[in-house]
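# Close look at the chain arrangement
These are the residues of each chain, in order.
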Amino acid sequence: MMDLRSDTVTRPTPAMREAMVHAAVGDDVWGDDPTVLELQNSLARSAGKEAGLFLPSGTQSNLAALMAHCERGDEYIVGQLAHTYKYEGGGAAVLGSIVPQPLENEDDGSLPLEKITGAIKRHGPGLGAHFARTKLLALENTFNGQVVPRDYLKAATELAHHRGLATHLDGARVFNAVVAQGITLAEACDGFDSVSICLSKGLGAPVGSVLVGSQELIERAYRWRKVLGGGMRQSGILAAAGLYALEHHINRLADDHANATFLATELTQIPQVTVLGHATNMVFATFPEEDCAPLQAALAERGMLALITPESRFVTHLDVNSEGITLFINAIKEYFA
Ligand SMILES: *Cc1c(COP(=O)(O)O)cnc(C)c1O
(Lines give C-alpha, C1' and ligand atoms only; values in the text may rest on other atoms or scores of the structure.)
Protein backbone atom coordinates (compact mmCIF):
# COMPACT_ATOMS: atom_id res chain seq x y z
CA MET A 1 0.00 0.00 0.00
CA MET A 2 1.41 3.39 -0.98
CA ASP A 3 -0.34 6.70 -0.51
CA LEU A 4 0.89 9.80 -2.36
CA ARG A 5 -2.18 11.95 -1.67
CA SER A 6 -0.61 13.86 1.20
CA ASP A 7 2.05 13.67 3.90
CA THR A 8 -0.76 13.70 6.49
CA VAL A 9 -1.37 9.99 5.82
CA THR A 10 1.75 8.76 7.65
CA ARG A 11 1.12 6.18 10.37
CA PRO A 12 3.02 6.20 13.64
CA THR A 13 5.97 3.80 13.43
CA PRO A 14 6.31 0.93 15.95
CA ALA A 15 9.05 2.88 17.77
CA MET A 16 6.86 5.99 17.92
CA ARG A 17 3.98 3.92 19.31
CA GLU A 18 6.37 2.52 21.88
CA ALA A 19 7.31 6.07 22.95
CA MET A 20 3.61 6.90 23.27
CA VAL A 21 2.91 3.85 25.44
CA HIS A 22 5.58 4.84 27.93
CA ALA A 23 4.82 8.59 28.02
CA ALA A 24 4.55 10.18 31.44
CA VAL A 25 1.22 12.04 31.54
CA GLY A 26 -0.71 14.50 33.68
CA ASP A 27 -3.68 16.76 33.05
CA ASP A 28 -2.57 19.38 30.56
CA VAL A 29 -5.53 21.67 31.26
CA TRP A 30 -4.12 21.85 34.79
CA GLY A 31 -0.73 22.47 33.20
CA ASP A 32 0.91 19.41 34.69
CA ASP A 33 1.44 16.97 31.84
CA PRO A 34 5.24 16.64 31.84
CA THR A 35 5.48 15.28 28.28
CA VAL A 36 3.41 18.14 26.84
CA LEU A 37 5.55 20.65 28.77
CA GLU A 38 8.71 19.00 27.45
CA LEU A 39 7.47 19.13 23.85
CA GLN A 40 6.41 22.79 24.15
CA ASN A 41 9.66 23.85 25.80
CA SER A 42 11.88 21.87 23.48
CA LEU A 43 10.31 23.20 20.28
CA ALA A 44 10.17 26.78 21.63
CA ARG A 45 13.86 26.58 22.50
CA SER A 46 14.93 25.28 19.10
CA ALA A 47 12.72 27.87 17.36
CA GLY A 48 14.41 30.63 19.36
CA LYS A 49 11.13 31.67 21.03
CA GLU A 50 10.13 32.00 24.69
CA ALA A 51 7.22 29.59 24.84
CA GLY A 52 5.23 26.92 23.02
CA LEU A 53 1.68 25.58 23.02
CA PHE A 54 0.56 22.11 21.91
CA LEU A 55 -2.72 22.10 19.96
CA PRO A 56 -4.73 19.33 18.31
CA SER A 57 -4.40 20.64 14.74
CA GLY A 58 -2.61 23.15 12.57
CA THR A 59 -5.90 24.85 11.80
CA GLN A 60 -6.54 25.47 15.48
CA SER A 61 -2.96 26.55 16.02
CA ASN A 62 -3.17 29.16 13.25
CA LEU A 63 -6.56 30.36 14.51
CA ALA A 64 -5.46 30.63 18.14
CA ALA A 65 -2.43 32.60 16.93
CA LEU A 66 -4.52 34.99 14.82
CA MET A 67 -6.89 35.51 17.76
CA ALA A 68 -3.95 36.12 20.08
CA HIS A 69 -2.58 38.79 17.72
CA CYS A 70 -5.85 40.43 16.64
CA GLU A 71 -9.01 41.57 18.35
CA ARG A 72 -12.50 42.00 16.95
CA GLY A 73 -12.38 44.41 14.00
CA ASP A 74 -8.63 44.04 13.50
CA GLU A 75 -7.29 42.94 10.14
CA TYR A 76 -4.63 40.53 8.95
CA ILE A 77 -2.85 40.62 5.60
CA VAL A 78 -2.57 37.15 4.07
CA GLY A 79 -2.06 35.39 0.75
CA GLN A 80 -5.06 34.63 -1.42
CA LEU A 81 -3.84 31.00 -1.54
CA ALA A 82 -2.66 30.78 2.07
CA HIS A 83 -3.92 27.91 4.19
CA THR A 84 -5.02 30.29 6.96
CA TYR A 85 -7.17 32.18 4.47
CA LYS A 86 -8.39 29.64 1.92
CA TYR A 87 -8.36 26.26 3.62
CA GLU A 88 -9.50 26.89 7.18
CA GLY A 89 -13.18 27.60 6.60
CA GLY A 90 -12.72 31.33 7.08
CA GLY A 91 -12.16 30.66 10.80
CA ALA A 92 -10.42 33.98 11.43
CA ALA A 93 -13.56 35.85 10.33
CA VAL A 94 -16.14 33.30 11.50
CA LEU A 95 -14.77 32.66 14.98
CA GLY A 96 -12.29 35.48 15.53
CA SER A 97 -14.14 38.49 14.06
CA ILE A 98 -10.86 39.25 12.32
CA VAL A 99 -11.04 40.85 8.87
CA PRO A 100 -8.88 39.15 6.24
CA GLN A 101 -7.08 41.33 3.69
CA PRO A 102 -6.01 38.77 1.08
CA LEU A 103 -3.33 39.63 -1.49
CA GLU A 104 -2.45 37.68 -4.63
CA ASN A 105 0.47 35.31 -3.99
CA GLU A 106 3.45 35.37 -6.33
CA ASP A 107 4.42 31.93 -7.68
CA ASP A 108 7.08 31.57 -4.97
CA GLY A 109 4.52 32.16 -2.23
CA SER A 110 5.62 35.70 -1.45
CA LEU A 111 3.35 38.75 -1.23
CA PRO A 112 4.90 41.75 -3.00
CA LEU A 113 6.21 44.26 -0.46
CA GLU A 114 4.60 47.24 -2.21
CA LYS A 115 1.23 45.48 -2.09
CA ILE A 116 1.66 44.82 1.63
CA THR A 117 2.47 48.49 2.14
CA GLY A 118 -0.53 49.49 0.04
CA ALA A 119 -2.87 47.27 2.02
CA ILE A 120 -1.95 48.68 5.43
CA LYS A 121 -4.85 50.95 6.38
CA ARG A 122 -4.01 54.49 7.37
CA HIS A 123 -4.92 55.75 10.78
CA GLY A 124 -5.03 59.21 12.22
CA PRO A 125 -7.34 62.11 12.69
CA GLY A 126 -10.50 61.67 10.68
CA LEU A 127 -9.54 58.22 9.38
CA GLY A 128 -9.50 56.02 12.45
CA ALA A 129 -13.16 55.03 12.41
CA HIS A 130 -13.38 54.08 8.75
CA PHE A 131 -10.97 51.22 8.48
CA ALA A 132 -10.31 47.92 10.10
CA ARG A 133 -7.09 48.17 12.12
CA THR A 134 -4.31 46.36 10.24
CA LYS A 135 -2.52 44.32 12.93
CA LEU A 136 -0.81 41.31 11.41
CA LEU A 137 1.04 39.94 8.41
CA ALA A 138 0.65 36.16 7.97
CA LEU A 139 2.98 34.24 5.64
CA GLU A 140 3.45 30.54 4.88
CA ASN A 141 6.63 28.43 4.47
CA THR A 142 6.90 26.05 2.76
CA PHE A 143 4.25 27.24 0.31
CA ASN A 144 2.98 24.44 -1.99
CA GLY A 145 6.22 22.68 -1.16
CA GLN A 146 8.31 25.66 -2.16
CA VAL A 147 10.82 27.17 0.19
CA VAL A 148 10.07 30.88 0.40
CA PRO A 149 13.32 32.84 -0.10
CA ARG A 150 14.98 33.89 3.15
CA ASP A 151 15.81 37.41 2.02
CA TYR A 152 12.14 37.94 1.16
CA LEU A 153 10.99 36.72 4.60
CA LYS A 154 13.49 39.05 6.22
CA ALA A 155 12.37 42.05 4.16
CA ALA A 156 8.66 41.33 4.65
CA THR A 157 8.87 40.84 8.43
CA GLU A 158 11.03 43.96 8.78
CA LEU A 159 8.53 45.97 6.76
CA ALA A 160 5.66 44.68 8.92
CA HIS A 161 7.43 45.48 12.18
CA HIS A 162 8.47 48.90 10.89
CA ARG A 163 4.80 49.63 10.22
CA GLY A 164 3.75 48.37 13.65
CA LEU A 165 2.32 45.03 12.52
CA ALA A 166 2.98 41.67 14.17
CA THR A 167 4.07 38.69 12.04
CA HIS A 168 2.83 35.09 11.97
CA LEU A 169 4.29 32.18 10.01
CA ASP A 170 2.16 29.20 9.07
CA GLY A 171 5.11 26.83 9.27
CA ALA A 172 3.09 23.64 8.89
CA ARG A 173 6.04 22.28 6.86
CA VAL A 174 8.76 24.63 8.10
CA PHE A 175 11.05 21.65 8.81
CA ASN A 176 11.02 20.84 5.08
CA ALA A 177 12.45 24.33 4.52
CA VAL A 178 14.95 23.85 7.36
CA VAL A 179 16.25 20.61 5.82
CA ALA A 180 16.18 21.88 2.22
CA GLN A 181 18.13 25.03 3.12
CA GLY A 182 20.43 23.47 5.72
CA ILE A 183 19.50 26.12 8.28
CA THR A 184 18.35 25.92 11.90
CA LEU A 185 14.73 26.11 12.98
CA ALA A 186 15.55 29.36 14.79
CA GLU A 187 16.86 30.82 11.53
CA ALA A 188 13.71 29.74 9.69
CA CYS A 189 11.54 31.35 12.41
CA ASP A 190 13.58 34.55 12.59
CA GLY A 191 11.49 37.70 12.18
CA PHE A 192 8.21 36.01 13.11
CA ASP A 193 6.40 36.79 16.36
CA SER A 194 4.61 33.44 16.15
CA VAL A 195 5.11 30.24 14.17
CA SER A 196 2.74 27.28 13.87
CA ILE A 197 4.47 23.95 13.24
CA CYS A 198 2.68 20.70 12.28
CA LEU A 199 3.86 17.42 13.76
CA SER A 200 1.34 15.37 11.77
CA LYS A 201 2.66 15.97 8.25
CA GLY A 202 6.12 14.85 7.14
CA LEU A 203 7.23 14.42 10.74
CA GLY A 204 4.90 11.45 11.03
CA ALA A 205 3.11 12.05 14.35
CA PRO A 206 -0.57 11.04 14.40
CA VAL A 207 -1.90 14.48 15.46
CA GLY A 208 -0.78 17.82 16.75
CA SER A 209 0.79 21.16 16.09
CA VAL A 210 2.89 23.44 18.26
CA LEU A 211 2.59 27.22 18.26
CA VAL A 212 5.69 29.09 19.40
CA GLY A 213 6.13 32.75 20.30
CA SER A 214 6.66 35.13 23.21
CA GLN A 215 5.44 34.17 26.68
CA GLU A 216 2.81 36.89 26.52
CA LEU A 217 1.48 35.81 23.12
CA ILE A 218 1.37 32.14 24.10
CA GLU A 219 -0.59 33.02 27.25
CA ARG A 220 -3.24 34.68 25.09
CA ALA A 221 -3.24 31.73 22.64
CA TYR A 222 -3.55 29.37 25.62
CA ARG A 223 -6.82 31.01 26.60
CA TRP A 224 -8.14 30.85 23.02
CA ARG A 225 -7.16 27.20 22.72
CA LYS A 226 -9.45 26.42 25.67
CA VAL A 227 -12.24 28.55 24.19
CA LEU A 228 -11.85 26.74 20.85
CA GLY A 229 -12.19 23.36 22.55
CA GLY A 230 -8.54 22.43 22.21
CA GLY A 231 -7.70 21.98 25.90
CA MET A 232 -6.71 18.31 26.13
CA ARG A 233 -6.09 16.23 29.22
CA GLN A 234 -3.57 13.32 29.19
CA SER A 235 -2.23 14.62 25.90
CA GLY A 236 1.30 13.59 26.84
CA ILE A 237 0.52 10.40 24.91
CA LEU A 238 0.27 12.53 21.76
CA ALA A 239 3.11 14.87 22.71
CA ALA A 240 5.38 11.81 23.09
CA ALA A 241 4.83 11.06 19.40
CA GLY A 242 5.81 14.64 18.60
CA LEU A 243 8.97 14.46 20.71
CA TYR A 244 9.88 11.18 19.04
CA ALA A 245 9.35 12.77 15.61
CA LEU A 246 11.52 15.77 16.47
CA GLU A 247 14.33 13.45 17.50
CA HIS A 248 14.11 10.89 14.69
CA HIS A 249 12.18 12.21 11.71
CA ILE A 250 13.69 15.58 10.82
CA ASN A 251 16.90 14.72 9.00
CA ARG A 252 15.12 12.01 7.05
CA LEU A 253 12.94 14.67 5.37
CA ALA A 254 15.89 14.86 2.95
CA ASP A 255 14.87 11.35 1.77
CA ASP A 256 11.38 12.64 1.01
CA HIS A 257 12.89 15.48 -1.03
CA ALA A 258 15.13 13.04 -2.93
CA ASN A 259 12.14 10.75 -3.57
CA ALA A 260 10.12 13.69 -4.92
CA THR A 261 12.96 14.56 -7.28
CA PHE A 262 13.14 10.90 -8.35
CA LEU A 263 9.38 10.81 -8.94
CA ALA A 264 9.48 14.04 -10.97
CA THR A 265 12.36 12.75 -13.10
CA GLU A 266 10.62 9.44 -13.78
CA LEU A 267 7.28 11.09 -14.60
CA THR A 268 9.05 13.30 -17.14
CA GLN A 269 9.90 10.12 -19.12
CA ILE A 270 6.21 9.36 -19.68
CA PRO A 271 5.01 11.16 -22.84
CA GLN A 272 1.38 11.49 -21.68
CA VAL A 273 2.41 13.25 -18.45
CA THR A 274 3.68 16.81 -18.08
CA VAL A 275 5.55 17.64 -14.90
CA LEU A 276 4.71 21.20 -13.87
CA GLY A 277 7.29 21.37 -11.13
CA HIS A 278 8.54 19.87 -7.92
CA ALA A 279 9.76 21.31 -4.64
CA THR A 280 10.78 19.72 -1.32
CA ASN A 281 8.35 16.79 -0.91
CA MET A 282 5.80 17.71 -3.59
CA VAL A 283 5.48 17.03 -7.31
CA PHE A 284 2.92 18.67 -9.60
CA ALA A 285 1.93 17.11 -12.91
CA THR A 286 -0.88 17.11 -15.44
CA PHE A 287 -2.55 14.05 -16.95
CA PRO A 288 -4.92 13.88 -19.94
CA GLU A 289 -8.45 14.55 -18.69
CA GLU A 290 -9.92 11.31 -20.12
CA ASP A 291 -7.25 9.16 -18.42
CA CYS A 292 -7.61 10.61 -14.92
CA ALA A 293 -10.42 8.47 -13.51
CA PRO A 294 -9.38 5.13 -15.13
CA LEU A 295 -5.70 5.61 -14.24
CA GLN A 296 -6.53 6.51 -10.64
CA ALA A 297 -8.72 3.39 -10.43
CA ALA A 298 -6.01 1.17 -11.99
CA LEU A 299 -3.48 2.46 -9.45
CA ALA A 300 -5.89 1.99 -6.53
CA GLU A 301 -6.42 -1.62 -7.61
CA ARG A 302 -2.70 -2.15 -7.05
CA GLY A 303 -2.83 -0.51 -3.64
CA MET A 304 -1.46 2.84 -4.80
CA LEU A 305 -3.48 5.85 -3.69
CA ALA A 306 -2.94 9.07 -5.64
CA LEU A 307 -5.18 11.83 -6.90
CA ILE A 308 -4.88 11.78 -10.68
CA THR A 309 -6.26 15.01 -12.16
CA PRO A 310 -5.21 17.55 -14.78
CA GLU A 311 -3.56 19.28 -11.77
CA SER A 312 -2.16 16.40 -9.75
CA ARG A 313 -0.13 16.86 -6.59
CA PHE A 314 1.94 13.97 -5.25
CA VAL A 315 3.44 14.19 -1.79
CA THR A 316 6.29 12.02 -0.50
CA HIS A 317 6.69 11.12 3.18
CA LEU A 318 7.81 8.63 5.79
CA ASP A 319 5.80 5.75 4.31
CA VAL A 320 7.01 6.17 0.71
CA ASN A 321 10.31 4.80 -0.55
CA SER A 322 12.08 4.73 -3.93
CA GLU A 323 11.02 1.11 -4.61
CA GLY A 324 7.40 2.17 -4.17
CA ILE A 325 7.92 5.05 -6.59
CA THR A 326 9.41 2.68 -9.18
CA LEU A 327 6.33 0.44 -8.87
CA PHE A 328 4.10 3.49 -9.19
CA ILE A 329 5.89 4.67 -12.35
CA ASN A 330 5.74 1.17 -13.85
CA ALA A 331 2.01 0.98 -13.17
CA ILE A 332 1.45 4.32 -14.95
CA LYS A 333 3.56 3.20 -17.92
CA GLU A 334 1.65 -0.06 -18.10
CA TYR A 335 -1.67 1.80 -18.08
CA PHE A 336 -0.62 4.00 -21.01
CA ALA A 337 0.79 1.01 -22.91
C1 LIG B 1 -1.90 21.02 6.91
C2 LIG B 1 -1.69 22.46 6.98
C3 LIG B 1 -2.17 23.23 8.05
C4 LIG B 1 -2.94 22.67 9.21
O5 LIG B 1 -3.73 21.61 8.95
P6 LIG B 1 -4.42 20.64 10.00
O7 LIG B 1 -4.93 19.58 9.10
O8 LIG B 1 -5.46 21.43 10.65
O9 LIG B 1 -3.41 20.15 10.96
C10 LIG B 1 -1.90 24.57 8.04
N11 LIG B 1 -1.20 25.14 7.04
C12 LIG B 1 -0.71 24.44 6.02
C13 LIG B 1 0.11 25.13 4.99
C14 LIG B 1 -0.93 23.08 5.95
O15 LIG B 1 -0.44 22.38 4.92
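Below or above, wherever it landed, is the structure these notes cover. In this text, all values refer to a predicted model and were calculated from it rather than measured experimentally.

### Considering the layout of surface pockets
What the largest pocket holds in volume is close to 930 Å³. What lines the largest pocket is a set of 29 residues, among which Tyr 87, Asn 144, Met 282, Phe 284 and Arg 313 lie closest to the centre. Elements represented by at least two residues in the lining of the largest pocket include exactly α4 (83-86), β9 (274-279), β10 (282-286) and β12 (312-315). In terms of residue count, β9 provides more of the lining of the largest pocket than any other element does, four residues in total. Approximately 190 Å³ is the volume attributed to the second largest pocket. For the second largest pocket, the lining is made up of 14 residues, of which Gln 40, Gly 52, Leu 53, Ile 218 and Tyr 222 are closest to its centre. For the lining of the second largest pocket, the secondary structure elements donating two or more residues are α2 (34-47), β2 (51-55) and α10 (215-227). Take the lining of the second largest pocket: its biggest share by element is five residues, from α10. Residues belonging to the lining of the second largest pocket are distributed by class as follows: five nonpolar, five polar and four charged.

### Let's talk about the sheet that holds β10
Here we have three strands laid out as an open sheet, ordered β9-β10-β12, and antiparallel in their pairing. Each edge of the sheet is formed by a strand with only one pairing partner; in this case those strands are β9 and β12. On average, each strand axis in the sheet is inclined to that of its neighbour by 20°, with strand direction left out of account. Note: β10 against β12, four bridges, orientation antiparallel. Considered in β12, the bridge of Ala 285 is made with Ser 312.

### A few points about a negative patch on the surface
Side chains of Glu 104, Glu 106, Asp 107 and Glu 114 sit close together on the surface and give a patch of like negative charge. Take Glu 104: it is sitting in the loop between β4 (99-103) and α6 (113-119). On the accessibility criterion, Glu 104 (48% relative accessible area) is partly exposed.

### What to know about the pairing of β9
For β9 and β10, the ladder comprises five bridges, and the chain directions are antiparallel. Looking at β10, one finds that Gly 277 is bridged to Phe 284.

### Overview of the packing of helix α8 (residues 174-181) against helix α12 (residues 253-268)
Closest axis-to-axis distance for the α8/α12 pair is 9 Å, and the angle between their directions is 80°. As judged from the angle between their axes, α8 and α12 are roughly perpendicular. Contacts from Phe 175, Asn 176, Val 179 and Ala 180 in α8 reach Leu 253, Ala 254 and His 257 in α12. By residue class, the composition of the contact of α8 with α12 is five nonpolar, two polar and no charged.

### Some words on empty space enclosed by the protein
Within this structure, the stated rule accounts for two cavities of 30 Å³ or more. The calculated volume of the largest cavity comes to roughly 50 Å³. Residue classes in the lining of the largest cavity are distributed as six nonpolar, two polar and two charged. Lining the second largest cavity are Gly 79, Ala 82, Asn 105, Gly 109, Leu 111, Ala 138, Leu 139, Glu 140 and Phe 143. The leading source of residues in the lining of the second largest cavity is strand β5 (residues 133-140), at three residues.

### Here we look at the site of the ligand
Taken together, Ser 57, Gly 58, Thr 59, Asn 62, His 83, Glu 88, Glu 140, Asp 170, Ala 172, Arg 173, Cys 198 and Lys 201 make up the full set of residues near the ligand. Gly 58 places a main-chain nitrogen or oxygen 2.8 Å from an oxygen atom of the ligand. In this structure, a nitrogen atom belonging to the ligand sits 3.4 Å away from a side-chain N or O atom of His 83. For the ligand, the protein covers 81% of the area, taking 380 Å² as the surface of the free molecule. For the shell around the ligand, the class distribution of residues is two nonpolar, five polar and five charged.

### As for α8
Regarding α8, the residues found buried are Val 174, Phe 175, Asn 176, Ala 177 and Val 178. Contacts from the buried residues of α8 go to α2, β6 (166-170), α9 (185-189), β7 (194-198), α11 (236-248) and α12. Downstream of α8 by a residue or two, Gly 182 has a phi angle that is positive, lying close to 65°.

Cut-off values and rules
- Residues numbered from 1 in each chain as written.
- Predicted model: local features only at pLDDT ≥ 70, side-chain atom pairs only at ≥ 80, totals over all residues.
- Heavy atoms only, no water.
- 1 Å grid on protein atoms, 1.4 Å probe; cavity = no way out; pocket = protein on both sides within 12 Å on 5 of 7 lines; lining within 4 Å.
- Points joined across faces, edges and corners; volume = space filled by probe spheres on them.
- Helix = DSSP H or I, 4+ residues; strand = E, 2+ residues; numbered from the N terminus.
- Nonpolar A, V, L, I, M, F, W, Y, C, P; charged D, E, K, R; others polar.
- Pairing = 2+ DSSP bridges.
- Axes fitted to C-alpha atoms, helices over the stretch in contact; angles between N-to-C directions.
- Patch = residues over 30% accessible without salt bridge, like charges linked within 9 Å, V, L, I, M, F, W, Y side chains within 5 Å.
- Areas by Shrake-Rupley, 256 points an atom, 1.4 Å probe, with all protein chains shown as cover.
- Salt bridge = Lys/Arg side-chain N within 4 Å of Asp/Glu carboxyl O.
- Lys, Arg positive; Asp, Glu negative; His and termini not counted.
- Charge placed at Lys NZ, Arg CZ, Asp CG, Glu CD.
- Buried < 20%, exposed > 50% of the residue type's maximum accessible area, 1.4 Å probe, protein only.
- Parallel < 35°, antiparallel > 145°, perpendicular 65-115°, else oblique.
- Contact = heavy atoms within 4.5 Å.
- Near = heavy atom within 4 Å.
- Polar contact = N/O pair within 3.5 Å; in protein donor to acceptor, adjacent residues only side chain to side chain.

Bear in mind that shape data such as this cannot, by itself, settle questions of function.
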